[in-house]
Amino acid sequence: MGHYKSNLRDIEFNLFEVFGAGERLGQGPFADVDRATAMDFLRQTDSLATGELADCFAELDRNPPVYDPESRTVAVPDALKSAFATLHGQEGWRLGIAEELGGITAPASLTWSLAELVLGANPGLFFYMGGTGMGNILYHLGNDEQKLMARQMVEQNWGATMVLTEPDAGSDVGAGTTRAYLNEDGTYRIEGVKRFITSGEHDLQDNIMHLVLARPVGVPDAGGPGTRGLSLFAVPKYHFDPETGALGDRNGVFATNVEQKMGLKVSTTCEMSFGGETPAIGTLVGDVHDGIAQMFQVIEWARMTVGTKAIATLSTGYLNARDYAKDRIQGADLTQMLDKEADRVEILAHPDVRRSLLLQKSYSEGLRAVMLYTATWQDKIAMARAGDTTVDLQACEDMNDLLLPIVKGAGSERSYEMLAHSLQTFGGSGYLQDYPIEQYLRDAKIDTLYEGTTAIQGLDLFFRKMVRNQFKALFQLAGEITETVKGGTDGDGLAAERILLGTALEDVQASIGKLGEWALASQETPKELYKVGLNTTPLLLMMGDLLIGWLLVRQAEIAQAALADGAKESDRDFYAGKVAVAKWFAHHRLPLLTAEKAAITNTNADIMALPNGAF
């Protein structure tokens, strides 16, 4: 049996009992996917994920792809090819892809649920599937010829990459120096070096489409400084006929290095060189010089993927730790610790193990709820774009924008933190490769780094998603949380938790207000902005905890109602766990936000004046 332990019951609970996916399935833009079809896809993917996809997880870590510096090619293991063929053959990738590309219009809440199962089982494998998602994006952004290219990407099952980072620019995308020179035939010659390119080179698929940010040279009204001067180009590994997909000559884009990494070793992370002996030829996406806005559609998909990956890994980490705690016999019950003859008990009986497991459970299930709550707004966006006049498209887009950095930033940070608790449950055994937790930790650390570090997510959350939006989405979110705070009855058993949630909301709002004051004051005193920068990451994590606390209380409401209505015996422990974890998180984690608020509101910028030698 593989390492992966899924939580399909909790996925279904969120989809159908908490967020009402059943009301959207089988109608409107999702007419082709009813609830029965959705359940079939979930169960089939779950079976595949817990089976063949999980079986090669450790093997691919120990025997990763091999880079040949002479040919500048990468050979992937046969186990990866087999698992990839099985995953692609299951055809769940069709969900969410444009019908013109052979896809099936489906709600994002379902497609991200399916993605969680694959990402939890074998995250590196999932990233090689990027050709379908990026092909879908290219189809919507591209000109007529690029729409044909996108069709080939999907039909031929090619790979794809997003190519932003450069060795000297790092996270400062606007400092990129890769150039694009216009050819007489309207194509562009790309010259430069990019770094940290996921799936940049491999022999798993016949072709790879690189979506590359570069700065046009000598083109009127394009190529200026900063991110505004960047354009997006489609640059294939092999030239090909857009009509037939027939491959031609090798294009001038090569992997000049594959990184030796801490984890996620099955995923090739490449340095890519464009141009040189062979020109690297690409086409301008959509015939417009709007690269950063176009690339952000890829980035937003990637950030949701990273957050989902982190949450999926935490979930299986927690479930592995829980099952180990049920089986591992060690020590006497704490009340009998002085009795040398007392029976030994499973470690789940020890108070601190229970505390740790509830901590892991609360973040695992709470973050899944945050991810699927976000996906539900993406469902509504699709409905509005399909003509549903009952849905406010702009409001839904604003809410999705607000939530994405929380899914990615708070999701990755908390998941990595909680996986350390999962390992701790195993004791010394968790440090060994006998169990999957040590690989989970190594594979999960990257989630806090790529597609925008946590610091970048925090800055994005406050400056772009709050201030630039004039706090409109935040007000809407606060209103929804307030409804939960004021809801219920004194006799429903959650009155104390609602009070704690209300206090947490006030703490977060006060913290945001203080950052807003400093941001406004910085117009007169620029260094006041340092106080904002010192607190955007703490605010991001506060927002994550507030959302988790809120959604766990909402889940507890539904669970209590189900228990009162005579839930079937097989579900009673599940619902009881929902109530317990909501209460535990409210009493043991939400009060910490009061201390975080105090730390934020009392911030000074003294550390910004420290000499470098003081660090």
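Residues numbered from 1 in each chain as written. Predicted model: local features only at pLDDT ≥ 70, side-chain atom pairs only at ≥ 80, totals over all residues. Heavy atoms only, no water.

### A closer look at the overall build of the chain
At step 1: Looking only at helices and strands, the chain has 19 helices and 14 strands in total.
At step 2: Summarising its shape, the C-alpha atoms of the chain cover approximately 80 × 60 × 60 Å along the three principal directions.
At step 3: The buried share among the 615 residues of the chain stands at 56%.
At step 4: For the chain, the proportion of contacts with a sequence separation of at least 24, taken over those separated by at least 6, is 75%.
At step 5: Of the roughly 25500 Å² that the chain leaves accessible, carbon and sulfur atoms contribute 51%.
At step 6: Across the chain, the centroid of the 54 positively charged side chains sits 5 Å from that of the 82 negatively charged ones. (Helix = DSSP H or I, 4+ residues; strand = E, 2+ residues; numbered from the N terminus. Buried < 20%, exposed > 50% of the residue type's maximum accessible area, 1.4 Å probe, protein only. Contact = heavy atoms within 4.5 Å. Areas by Shrake-Rupley, 256 points an atom, 1.4 Å probe, with all protein chains shown as cover. Lys, Arg positive; Asp, Glu negative; His and termini not counted. Charge placed at Lys NZ, Arg CZ, Asp CG, Glu CD.)

### Description of helix α4 (residues 78-90)
Count 3.6 residues to each turn of an α-helix, and residues three or four apart come out pointing the same way.
At step 1: Between its first and last C-alpha atoms α4 spans 19 Å; for 13 residues at 1.5 Å apiece the expected length is 18 Å, and the two agree.
At step 2: Turning to α4, its buried residues are A79, L80, A83, F84, L87, H88 and Q90. One face of α4 carries all of its buried residues, which in axial projection span an arc of 155°. Exposed residues pointing more than 90 degrees away from the buried face of α4 are listed as D78 and G89.
At step 3: Check the buried side of α4 and you find it contacts α2 (35-55), α3 (57-62), α5 (108-121) and α6 (123-127).
At step 4: E91 lies just past α4 and shows a positive phi near 70°. (Expected span 1.5 Å × (residues − 1). Arc of directions from axis to C-beta.)

### Side note on the state of the cysteines
At step 1: Counted according to the given criterion, the structure contains zero disulfides.
At step 2: The thiol sulfur of C56 is not disulfide-bonded, and the nearest other cysteine sulfur, from C270, lies at 19 Å. (Disulfide = S-S within 2.5 Å.)

### With respect to the packing of helix α1 (residues 8-18) against α2
At step 1: Their axes nearest at 11 Å, the elements α1 and α2 cross at an angle of 155°. Relative to α2, the element α1 is oriented roughly antiparallel. Two packed elements cross with a definite hand, and for α1 against α2 that hand is right-handed. Counting all contacts with α1, which are made through L8, I11, E12, L15 and F16, the residues of α2 involved are R35, M39, L42, R43 and D46. (Axes fitted to C-alpha atoms, helices over the stretch in contact; angles between N-to-C directions. Parallel < 35°, antiparallel > 145°, perpendicular 65-115°, else oblique. Left-handed = near helix turned anticlockwise from the far one by under 90°.)

### Here's the deal with the environment of N604
At step 1: Among the structural elements, N604 can be located in the segment after α19 (592-601).
At step 2: Sequence separation of N604 and V532 is 72 residues, and the distance between their C-alpha atoms is 10.0 Å.
At step 3: Residue contacts for N604: discarding those within four places in its chain leaves K531 and L534.
At step 4: Engagement of the side chain of N604 in a polar contact is seen with the backbone nitrogen of D606, the distance being 3.0 Å. (Polar contact = N/O pair within 3.5 Å; in protein donor to acceptor, adjacent residues only side chain to side chain.)

### Considerations on the packing of aromatic side chains
At step 1: Counting across every chain of the model gives 16 aromatic pairs.
At step 2: With a centroid separation of 6.0 Å and an interplanar angle of 40°, the aromatic rings of F19 and Y373 are classed as tilted. Of this pair, F19 sits in the loop between α1 and α2 while Y373 sits in helix α10 (residues 351-385); the two residues are 354 residues apart in sequence, bridging distant segments of the chain. Pair check on accessibility: F19 and Y373 agree, each one buried.
At step 3: Following the ring pairs from residue to residue traces out a cluster consisting of F19, Y373, W377 and W550.
At step 4: In this structure, R9 packs its charged tip against the face of F574, placed 4.5 Å from the ring centre.
At step 5: Of note, K380 hangs over the ring of W377, and the distance from its end group to the ring centre comes to 4.1 Å. (Phe/Tyr/Trp six-rings, centres within 6.5 Å; stacked < 30°, edge-to-face > 60°. Lys NZ or Arg CZ within 6 Å of the ring centre and 35° of its normal.)

### Some points on a nonpolar patch on the surface
At step 1: Together, Y530, I607, M608, L610 and F615 make up a nonpolar patch on the protein surface, roughly 530 Å² of accessible area in all.
At step 2: With respect to the element layout, Y530 can be found in helix α16 (residues 529-533).
At step 3: The partly exposed category is assigned to Y530, whose relative accessible area is 38%. (Patch = residues over 30% accessible without salt bridge, like charges linked within 9 Å, V, L, I, M, F, W, Y side chains within 5 Å. Salt bridge = Lys/Arg side-chain N within 4 Å of Asp/Glu carboxyl O.)

### So, the side chain of T308
At step 1: Tracing the chain through its elements places T308 in helix α9 (residues 291-327).
At step 2: In this structure, T308 is in contact with W112, A115, E116, L119 and M371, ignoring residues within four places of it in sequence.

### Quick notes on the pattern of salt bridges
At step 1: Per the stated rule, a full pass over the model turns up 33 salt bridges.
At step 2: Between R94 and E91 there is a salt bridge; the shortest N-O distance is 3.2 Å.
At step 3: We note a salt bridge from E557 to R498, for which the minimum N-O separation is 2.7 Å. You can see E557 sitting in helix α17 (residues 536-564) and its partner R498 sitting in helix α15 (residues 495-521), a full 59 residues away along the chain.
At step 4: Judged by relative accessible area, E557 falls into the partly exposed class, the value being 28%.
At step 5: Residue class for R498 comes out buried when judged on its relative accessible area of 4%.
At step 6: Bridged by salt links that share partners, the residues D10, E116, K361, E365, R368 and K578 form one connected network.

### Topic: α9
At step 1: Here α9 contains 37 residues, and its C-alpha end-to-end distance of 54 Å stays within 8% of the 54 Å for a straight helix at 1.5 Å per residue.
At step 2: Along α9, the sharpest kink reaches roughly 25°, centred on Q297. (Bend = angle between axes of the 7 residues up to and from the residue.)

### Looking at unusual backbone geometry
At step 1: A positive phi angle is found at R72, which is not glycine, with a value near 55°.
At step 2: In this fold, R72 is placed in the loop between β1 (66-68) and β2 (73-75).
At step 3: Located in the positive-phi region is D221, a residue other than glycine, with phi close to 60°.
At step 4: On the secondary structure map, D221 appears in the loop between β6 (208-217) and β7 (231-236).

### Some words on the nonpolar core
At step 1: Counting residues in hydrophobic clusters, the biggest one holds 186 residues, and the most contacted among them are L42, I190, F274, Y373, M466, L477 and M543.
At step 2: The residues contacting F274, other than those within four sequence positions of it, are V163, I190, E191, G192, K194, V212, V235, G252, V253 and A280. (Core = buried A, V, L, I, M, F, W, Y, C linked by side-chain atoms within 4.5 Å.)

### Observations concerning the side chain of S364
At step 1: Examined against the element boundaries, S364 turns out to sit in helix α10.
At step 2: What S364 contacts, discounting residues up to four positions off in sequence, is I311, L314, S315 and Y318.

### Describing the packing of α1 against α10
Helix packing geometry: the angle between the two helix axes and the distance between the axes.
At step 1: Contact geometry of α1 with α10 gives a least axis separation of 10 Å together with a crossing angle of 40°. By the angle class used here, α1 and α10 are oblique. Here α1 and α10 pass one another in a crossing that is right-handed. Where α1 approaches α10, its residues D10, I11, N14 and L15 are matched on the opposing element by E365, R368, A369 and L372.
At step 2: When grouped by side-chain class, the residues that make up the contact of α1 with α10 number four nonpolar, one polar and three charged. (Nonpolar A, V, L, I, M, F, W, Y, C, P; charged D, E, K, R; others polar.)

What is shown is where atoms sit, not what they do.
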